[in-house]
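Breakdown of the fold
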Number of protein chains: 4
Amino acid sequence: MLTTNPFDDDTLHEECGIFGVSGSEGAAALVALGLHALQHRGQEAAGITSLDQGHFHTHRAMGHVAGNFDRDEVIRSLPGAVAAGHVRYSTSGDTALRNVQPLYAELQSGGFAIAHNGNISNAMRLRRELVRRGSIFQSTSDTETIIHLVATSNYRTLLDRFIDALKQIEGAYSLIVMTPEGMIACRDPLGIRPLVMGRLGDAVIFASETVALDVVGATFERSIDPGELVIVQGDTIRSVRPFPQVSARPCIFEWVYFSRPDSIEGDRSVYDVRKNIGAQLAVESPVEADLVIPVPDSGVPAAIGYAQESGIPFELGIIRSHYVGRTFIQPGDKVRHLGVKLKHNANRALIKGKRIILIDDSIVRGTTSLKIVQLMREAGAAEVHMRIASPPTRHSCFYGVDTPERAKLLAAKLDLGEMTDFIHADSLAFVSIDGLYKALGEARRADIRPSHCDACFTGDYPTTLTDQDETEAVDQFAMLAERVI
Amino acid sequence: MLTTNPFDDDTLHEECGIFGVSGSEGAAALVALGLHALQHRGQEAAGITSLDQGHFHTHRAMGHVAGNFDRDEVIRSLPGAVAAGHVRYSTSGDTALRNVQPLYAELQSGGFAIAHNGNISNAMRLRRELVRRGSIFQSTSDTETIIHLVATSNYRTLLDRFIDALKQIEGAYSLIVMTPEGMIACRDPLGIRPLVMGRLGDAVIFASETVALDVVGATFERSIDPGELVIVQGDTIRSVRPFPQVSARPCIFEWVYFSRPDSIEGDRSVYDVRKNIGAQLAVESPVEADLVIPVPDSGVPAAIGYAQESGIPFELGIIRSHYVGRTFIQPGDKVRHLGVKLKHNANRALIKGKRIILIDDSIVRGTTSLKIVQLMREAGAAEVHMRIASPPTRHSCFYGVDTPERAKLLAAKLDLGEMTDFIHADSLAFVSIDGLYKALGEARRADIRPSHCDACFTGDYPTTLTDQDETEAVDQFAMLAERVI
Amino acid sequence: MLTTNPFDDDTLHEECGIFGVSGSEGAAALVALGLHALQHRGQEAAGITSLDQGHFHTHRAMGHVAGNFDRDEVIRSLPGAVAAGHVRYSTSGDTALRNVQPLYAELQSGGFAIAHNGNISNAMRLRRELVRRGSIFQSTSDTETIIHLVATSNYRTLLDRFIDALKQIEGAYSLIVMTPEGMIACRDPLGIRPLVMGRLGDAVIFASETVALDVVGATFERSIDPGELVIVQGDTIRSVRPFPQVSARPCIFEWVYFSRPDSIEGDRSVYDVRKNIGAQLAVESPVEADLVIPVPDSGVPAAIGYAQESGIPFELGIIRSHYVGRTFIQPGDKVRHLGVKLKHNANRALIKGKRIILIDDSIVRGTTSLKIVQLMREAGAAEVHMRIASPPTRHSCFYGVDTPERAKLLAAKLDLGEMTDFIHADSLAFVSIDGLYKALGEARRADIRPSHCDACFTGDYPTTLTDQDETEAVDQFAMLAERVI
Amino acid sequence: MLTTNPFDDDTLHEECGIFGVSGSEGAAALVALGLHALQHRGQEAAGITSLDQGHFHTHRAMGHVAGNFDRDEVIRSLPGAVAAGHVRYSTSGDTALRNVQPLYAELQSGGFAIAHNGNISNAMRLRRELVRRGSIFQSTSDTETIIHLVATSNYRTLLDRFIDALKQIEGAYSLIVMTPEGMIACRDPLGIRPLVMGRLGDAVIFASETVALDVVGATFERSIDPGELVIVQGDTIRSVRPFPQVSARPCIFEWVYFSRPDSIEGDRSVYDVRKNIGAQLAVESPVEADLVIPVPDSGVPAAIGYAQESGIPFELGIIRSHYVGRTFIQPGDKVRHLGVKLKHNANRALIKGKRIILIDDSIVRGTTSLKIVQLMREAGAAEVHMRIASPPTRHSCFYGVDTPERAKLLAAKLDLGEMTDFIHADSLAFVSIDGLYKALGEARRADIRPSHCDACFTGDYPTTLTDQDETEAVDQFAMLAERVI
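Quick caveat: nothing in here was measured; it's all calculated off a predicted structure.

What about helix H8 (residues 270–284) of chain D?
Residue and element names in this part refer to chain D. Its 15 residues give H8 an end-to-end C-alpha distance of 21 Å, which sits within 8% of 21 Å, the value for a rise of 1.5 Å per residue. Summarising burial for H8: 12 of the 15 residues are buried, a large majority. Of all the residues in H8, the buried ones are Val 270, Tyr 271, Val 273, Arg 274, Lys 275, Asn 276, Ile 277, Gly 278, Ala 279, Gln 280, Leu 281 and Ala 282.

Below, the structure written as structure tokens:
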């Protein structure tokens, strides 16, 4: 058996989305809708925890929100006016339900549930220390580290214990926490991962993206500030800012690929920025051609921008199947040599004899680009020019995005000419790093304290990477891990 | 519990797609890929039958091809060089596996498997007669009628018996039949439903659309002629044309909506024709506006055509979720009043304050159009003009397309002004029936013997409708039907 | 993987049990209870059909009655005051739901459901003739032959058509039939398979054994006579006897093994008869010993009879696990050499040093007896004497009992001395054929027209065996059979 | 829907059985067989953990061993020469997989797996203290307390930490523990729950009962001593006895009901003891009657003893269905009034007009006895005398047996005459407490330091019952518990 869809492993994957509601009876139903709108941020598992008169209720499931959380008996089993949920993309094969969030623990202070988007870059070191002192972990998730830090903190109140825990962790995190007293939403001091706040009547809503507010009919109020904790207890909302203030570094890849185009990030429309990037590409790397063709669906806004700027017509030259999920396991040895086009098919009648410009959001391993160029050539394209709506991806992410190790990133190994040859294109161009910042409304990238985390393009990581420097220890830990089937 | 997606019941549904392979070991794997490419023609069930050394093997499953026919053990259980399959959209709630095709029977001549796209319009009358003479039906499918006609025919050879059966049925049918001797593909005398032939090496392939040939890497050879039977036995291919020749009447709605845009029908690109319709709409019904916005995804080609003809920019003003299948069952009574946007969400930043032209493929009940216009208004659109890439749908289809009864078709009840009011648009226009034929390269619709079946727009049905005239008998029959759970 | 339970294939299997209720709202719930009480007659699948205001409703499931038919939603889906059901032991590996009874067909007269215990010994010949005339079979069950004979009969009324069908079939059958008019129960002219009638309030009940009447709280009224049809229409019950009268030949193995000991057959307690056989064995084949030990559970009544007659104490020397169903698939290659005792374990403390008499109901292949004797020897038995509560089984059954082909029956190959050696016993004795009839209250077996069918012991088959004489044709037919997975 | 089997809740339930193997490649396959032989000790869930080159592998499943652990892929997923397993009867409705044993944790010393038979009577107090210090529990099982005590112990070696933990717990426990170094089996200082050791070639085996040794072909070596730890590391076996020696108090109910009759406990055959109890009953409480009838299956050995002592014939007057598991959910409201006999049916022909003596092992709530007496009367019994093979059960067990609260124990509420009336018997007698000890070979019960724990009969609990005295705290704890669905 063989997984034949050649494109599946060749994108970056956001590891999760989170959504919380406080102050609306039947909150879990809203959370299910919100998570559904965030499904693009994680498709492998989902979970919701609700709080009803001091009791916590949790349901976790592998797979999509639809099919799992749209059943009445599930939603009825999650009563209460406070609820939070999580969608997850898992990086390794051994995903078990015990790793699906929200995670839950009974602490001395009562129940404690947590949903996390991001990645703690010193989780392994903290974990080893906690285990040495007698803590017992139930999952392999870095998020569980936070719970044990809270459980074993010497501070008295839950809030102080939680802040104590946050001060020990490094990396990227947007969190929604539920305790018997209420809900806490917070964002790491650099604001690497997004988190917004909205209102639906009297209820307060937290979400990874504004599109989830739209879907439940809520109004967007503001983004959570980097380093801010928003505490909702009944009707009271208050903010705590326990960290020294630093300049923010939100993830620039949210603009390029992760967020839905109908989301608003930091007061800018994601769709608009992507069109701007396309237009910028047309200015930086023009080419004479007959058609501008997006690699669907993520390349569409940039292609529209490129077409409008260049005056070359925008056309659907590649048709994407609605019925391909993450994989179609291709049966039989024989057919895999046929070059099947399960996910993308060429619009042959349109392509034949034309000079085309392909627009895609990024190049990771390069295998997708290669296949797409081949698809166009087999359909009779006269020339194939590839334009990429982001700079070359040369570095791994350690802040909650599933990137291949550096050695597998095409742009980390090859120069532009070699990449052009590798994908068999007539020409290839990436938007410049300054061009990307221009599309965001800035003059260019600031060399000192740039306004975003762009480490995947520049290698300029805004935090220390403790675990990364201790890889051997990580491997040793895995040695002892239980495999539960 | 409530199915809340308001758009689901408001499109026309093709009832099936068929795909057959003769002459390639492991044929079932190719059939699985071909059916996957035809999934848009039927999503509720699928089946494959293979033929190996005189033995027939069948697997049927509810649901999509992916998840059911991409497993090695399933494909291995379907050995042989000859295989055919079927994807099905079922019209009623009691779909059981026994109705999933290919249907199979053991006749005196040996096994007989059949896959059918279309609808037999005198099936009920034939069935009553067969039951009276002692035939026992195992399904409620009209297709089974053909099998019993073959089984009880007085002719001697299987081919003569099959032709005898076809001469007794009326309506629309593209069929793939398998017998121990080989495969027969045929199309009704009017060619209402499509069927094409292709080649992959020495193998012969039959498919509802050319896109399925592309996906398996086969080359398109020709369409099966109306009234033609193509018989493949080992290396021999021959044609039989047992019907008097009449002018063809292929379904015009295949161009408007059913077929994938990357398919070729009768030597024309479906994508091209749809763009032509959009351009024709711009000529027939221009309007001053800022943006041309497709209702995704079926409205996209016509919107591109409209934008190119009118010079008004094409933009993605509505974002469609990739994660909505046919339904998301909305949990809880409360949230259904929120006007949720699970499937379509407005790109608010783009829409706000703009005069927009919405392009959709058709209006059935009108409920979708109403919701989409509301969505645009809530997002702040200044004006909303709706343009429809087909004439008003005023009549039911009896040839294999699931249409609501006439009384529920918006255009059968309201005139243009009333429809405009109903959907709350500032203006509404449909392409003219002559404009539709123009987009297909004709000067206008021929009043006598038009080149297509356009009964859904004109009420001009090309065959008699025996069962339709005997509705009471049909209802009585249903009374006795067994319900197997 | 290996099925290691060495005893599983070494018993005879009854192929089914049937149960019907007419005249009690919610009849299906009673049928579920009745089938549960008949579960020992067939464990692989079960089905129930109910009749409600002219509509038939059917549910079929692989596996036991418990777990499938004890769910409210299943019973609610089977409304009406008339219902019948079937439990099945299938003889071949390809059991599919379509073979699970009651079978159902829509005839011109309306719905027709049938449940069958027995075997039609000319089913293959009839089937070939029906297929030649255009009948299409949906199952491989011999029972379906009856339906097609009814469907194609030239008689006018349903009852005449049914009798016409019965007159064409030979073999053993107890049937419960449901039509829109009501229920028909009947038994073949020789009465080979059992069928009794009972009452529960106003309702009429039919069942394979009286134990099923007990379980639903019904009173036993009488056995259905050989060749009798009992027709229940609303409150009316009438009998039809369309066959010439012949002397009955009920299956004698029902007394030996099939029926539950708490059933009454032909006015005699099955438990009593089995004790009588044990006592007869003690008279015919005494032996000096310390303990009488039953092979559980079927050997228990005969062992009690043997112990009481001989004065040797009855003891539980073999403990049977409650948790072994039909199989425990023994994992791994290694452990299967350990001689595991998953189903039966020796009561070592009791056995050690003792001379024991083992009592079992029958010897089929002899493998069970061999294992049981070994088990006793390993536990330290000083002497092991085997006594069998039936004569040697030397012939196959063609009347609905799953027997191995003759060549695999131990008693067909070996004489008594050889069998004693084969099972490693110190002595072996079977009850004599006359002794068996004595236990039933007769002086001895009548040479002419014996009172029972005892063909498995004597080879004296009471009907012709048409299909058996045409085995080649049967094999040829199987060649063309579809395998549906 | 209603669970109608009236007998199900009216027995005492052992809460578990444990089985471990050290030193045999493919150990998990042996553990599966051993657990299958112990299935009567717990039917709701099972789990196996194996140890292979420092890696732990675990599989847990709800339901029986057969059907879950007899699949090759499961056993292959549990590699290694060391493995242990657990079968569980759960006392409460919220049994989740996370409570199924063996429990597993990663401690600083490496993996730690534990399987537990018994009950820790100060678990709640210890848990509260551990949570206060920052421990996070993942299950509601008392067994997890032991793991946290080990994790947070101040001793250095794993063995010292484990002994430190054992010294803090009170109650009943037989444990099998696995660490990367090997296996530890131990029994609480009073030896309340059983644990035996056997050999299979070079492998060491631990099991709750000897029957599990028989089934895997192992030889019985000895019982683990009360308070003994047996440590197996590779080829080395050593014993540690860290507790001050006290006189043992094994559970006397193992003799009466829990253990299989083919097990040996403390050098005595369970079957023999049960026959002795029956004989003792015949001596203590004789009655003139025609038949001795066991309540199957647990009453059979005592009934044989009673019959042999009294000379009254032993007969099967009640037939038990093989196909009733724990429940048959009786469908529909109507039938539950019918007094159905799904599990037990009277052998009417035998019972009618007879004076019978019923033998059962114990009376808990009394509802079963009432039903059984009614069953006999409805079958026509002239007199019904009930004899019970244990003294009246008047007190709850806190050592791992699921007993109803005291208020529901019939003998705690009524005197002998009232009980006789309640169950509608003509007479009722229990064996005396001294008679029970006589059956075990003692002269009578020792008033000081009796040889067994007989608290369920006498109220003489051999340990303190800390949690029992703090019930309110327990209730409060439950308030905060998460309900995961």
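Section: helix H5 (residues 158–168) of chain D
Residues and elements named next belong to chain D. Buried within H5 are the following residues: Leu 158, Arg 161, Phe 162, Ala 165 and Leu 166. Projection of H5 onto a plane perpendicular to its axis shows the buried side chains occupying an angular sector of 140°, all on one side. Packed against the buried residues of H5 are helix H4 (143–151), strand S9 (171–179) and strand S10 (182–187).

With respect to the packing of helix H8 (residues 270–284) of chain B against helix H9 (residues 300–310) of chain B
Residue and element names in this part refer to chain B. The N-to-C vectors of H8 and H9 enclose an angle of 45°; their axes lie 7 Å apart at closest approach. The angle between the axes of H8 and H9 places the two elements in the oblique class. Of the two elements, H8 crosses H9, and the hand of that crossing is right-handed. Residues Tyr 271, Arg 274, Lys 275, Asn 276, Ile 277, Gly 278, Ala 279, Leu 281, Ala 282 and Val 283 of H8 form the contact with H9, whose participating residues are Pro 301, Ala 302, Ala 303, Ile 304, Gly 305, Tyr 306, Gln 308, Glu 309 and Ser 310. Residue classes in the contact of H8 with H9 are distributed as 11 nonpolar, five polar and three charged.

Topic: the sheet that holds strand S7 (residues 103–107) of chain A
Residues and elements named next belong to chain A. Taken together, six strands build an open sheet; the order of strands is S7-S8-S9-S10-S14-S15 and the sheet is antiparallel. The open sheet terminates on both sides in strands that have one partner only, identified here as S7 and strand S15 (236–240). Direction aside, the axes of adjacent strands within the sheet are offset by 20° on average. When strand S9 (residues 171–179) meets strand S10 (residues 182–187), the two strands line up antiparallel, connected through six bridges.

Topic: the UniProt feature "active site" (unreviewed entry) in chain A
All names here are of chain A. In this numbering, the UniProt entry assigns the feature "active site" (unreviewed entry) to Cys 16. Looking at the element boundaries, Cys 16 is found in strand S3 (residues 16–22). If sequence neighbours within four positions are ignored, Cys 16 has contacts with Arg 41, Gly 42, His 86, Val 87, Arg 88, Tyr 89 and Asn 117.

Topic: the packing of helix H3 (residues 123–132) of chain B against helix H4 (residues 143–152) of chain B
All names here are of chain B. Taken N-terminus to C-terminus, the directions of H3 and H4 make an angle of 45°; their axes are 10 Å apart at the nearest point. In this view, H3 runs oblique relative to H4, as classed from their interaxial angle. In this structure, the crossing between H3 and H4 has a hand that is left-handed. Of H4, the residues touching H3 (which contributes Ala 123, Leu 126, Arg 127 and Leu 130) are Thr 145, His 148, Leu 149 and Thr 152. Residues of the contact of H3 with H4, tallied by class, amount to four nonpolar, three polar and one charged.

Overview of the environment of His 40 of chain A
Structurally, His 40 of chain A can be placed in the loop between helix H1 (27–37) and strand S4 (45–52). Residues His 40 of chain A and Gly 171 of chain A lie 131 residues apart in sequence; the distance between their C-alpha atoms is 23 Å. Ignoring sequence-local partners within four residues, the contact set of His 40 of chain A consists of Arg 260 of chain A together with His 322 of chain B.

Overview of the pairing of S15 of chain A
Residues and elements named next belong to chain A. Counting buried residues along S15, only zero of its five residues qualify, which leaves the element largely exposed. Pairing of strand S14 (residues 229–233) with S15, which is carried by five bridges, proceeds in the antiparallel orientation. Across the sheet, the residue bridging to Val 230 is Ser 239, located in S15. In sequence, S14 turns back onto S15 through a hairpin of two residues, with Gly 234 there showing a positive phi of about 60°.

Quick word on the UniProt feature "binding site: Mg(2+)" (unreviewed entry) in chain A
Residue and element names in this part refer to chain A. Following the UniProt record, the feature "binding site: Mg(2+)" (unreviewed entry) maps to Ser 298, Asp 360 and Asp 361 here. With the annotated positions falling across 64 residues, the maximum pairwise C-alpha distance of 7.1 Å places them together in a single cluster. Relative to the helices and strands, Asp 360 resides in strand S22 (residues 355–360). If sequence neighbours within four positions are ignored, Asp 360 has contacts with Val 295, Gly 299, Ser 369, Met 386 and Ile 388. Within the secondary structure, Asp 361 is located in the loop between S22 and helix H11 (367–378). On the neighbour-count criterion, Asp 361 (23 C-beta atoms within 10 Å) is buried.

Remarks on the confidence of the model for chain A
Residue and element names in this part refer to chain A. Looking at chain A as a whole, the pLDDT averages 89, with 89% of positions reaching at least 70. With pLDDT under 50 throughout, residues 1–8 is counted as low confidence; its partners more than four residues away or in other chains account for 21 contacts. Ignoring residues within four places in sequence, the model shows residues 472–485, a span with pLDDT below 50, making 22 contacts including any to other chains. Both scores are available for the predicted complex, with the pTM at 0.85 and the ipTM at 0.90.

Remarks on the sheet that holds strand S15 (residues 236–240) of chain C
Residue and element names in this part refer to chain C. An order of S7-S8-S9-S10-S14-S15 is seen for the six strands of this open sheet, with the pairing classed as antiparallel. The two strands at the open ends of the sheet, each matched to only one other strand, are strand S7 (103–107) and S15. Pairs of neighbouring strands in the sheet enclose a mean axial angle of 20°, with direction left out of account. Bridge count between strand S10 (residues 182–187) and strand S14 (residues 229–233): four bridges; the pairing is antiparallel. Looking across to S14, one finds that Ile 184 is bridged to Ile 231.

Thoughts on unusual backbone geometry
Glycine aside, residues mostly have negative phi, and peptide bonds are mostly found in the trans state. Omega for the bond connecting Pro 296 of chain A with Asp 297 of chain A falls within 30 degrees of zero, at -10°, which places this linkage in the cis form. One can find Asp 297 of chain A in the loop between strand S18 (291–294) and helix H9 (300–310). The phi dihedral of Gln 53 of chain B is positive, around 50°, even though this residue is not glycine. Unlike most non-glycine residues, Arg 449 of chain D shows phi in positive territory, near 45°. Mapped onto the secondary structure, Arg 449 of chain D falls in the loop between helix H14 (433–439) and helix H15 (455–458). Classification of Arg 449 of chain D as exposed rests on a count of 10 C-beta atoms within 10 Å.

Observations regarding the pairing of strand S9 (residues 171–179) of chain C
Residue and element names in this part refer to chain C. Taken across its nine residues, S9 has nine buried, putting it largely inside the fold. As defined by bridge partners, strand S8 (residues 110–120) adjoins S9 across eight bridges and the pair is classed as antiparallel. Residue pairing for S9: Asn 119 is matched across the bridge by Ala 172. Where S9 folds back on S10, the antiparallel hairpin that results is connected by two residues.

Parameters and conventions
- Residues numbered from 1 in each chain as written.
- Chains lettered and ligands numbered in written order.
- Predicted model: local features only at pLDDT ≥ 70, side-chain atom pairs only at ≥ 80, totals over all residues.
- Helix = DSSP H or I, 4+ residues; strand = E, 2+ residues; numbered from the N terminus.
- Expected span 1.5 Å × (residues − 1).
- Buried ≥ 20, exposed ≤ 12 C-beta atoms within 10 Å, placed from the backbone.
- Arc of directions from axis to C-beta.
- Contact = placed C-beta atoms within 7 Å.
- Axes fitted to C-alpha atoms, helices over the stretch in contact; angles between N-to-C directions.
- Parallel < 35°, antiparallel > 145°, perpendicular 65-115°, else oblique.
- Left-handed = near helix turned anticlockwise from the far one by under 90°.
- Nonpolar A, V, L, I, M, F, W, Y, C, P; charged D, E, K, R; others polar.
- Pairing = 2+ DSSP bridges.
- UniProt positions renumbered as here; feature names shortened; annotations may be inferred.
- pLDDT = per-residue confidence, 0-100.

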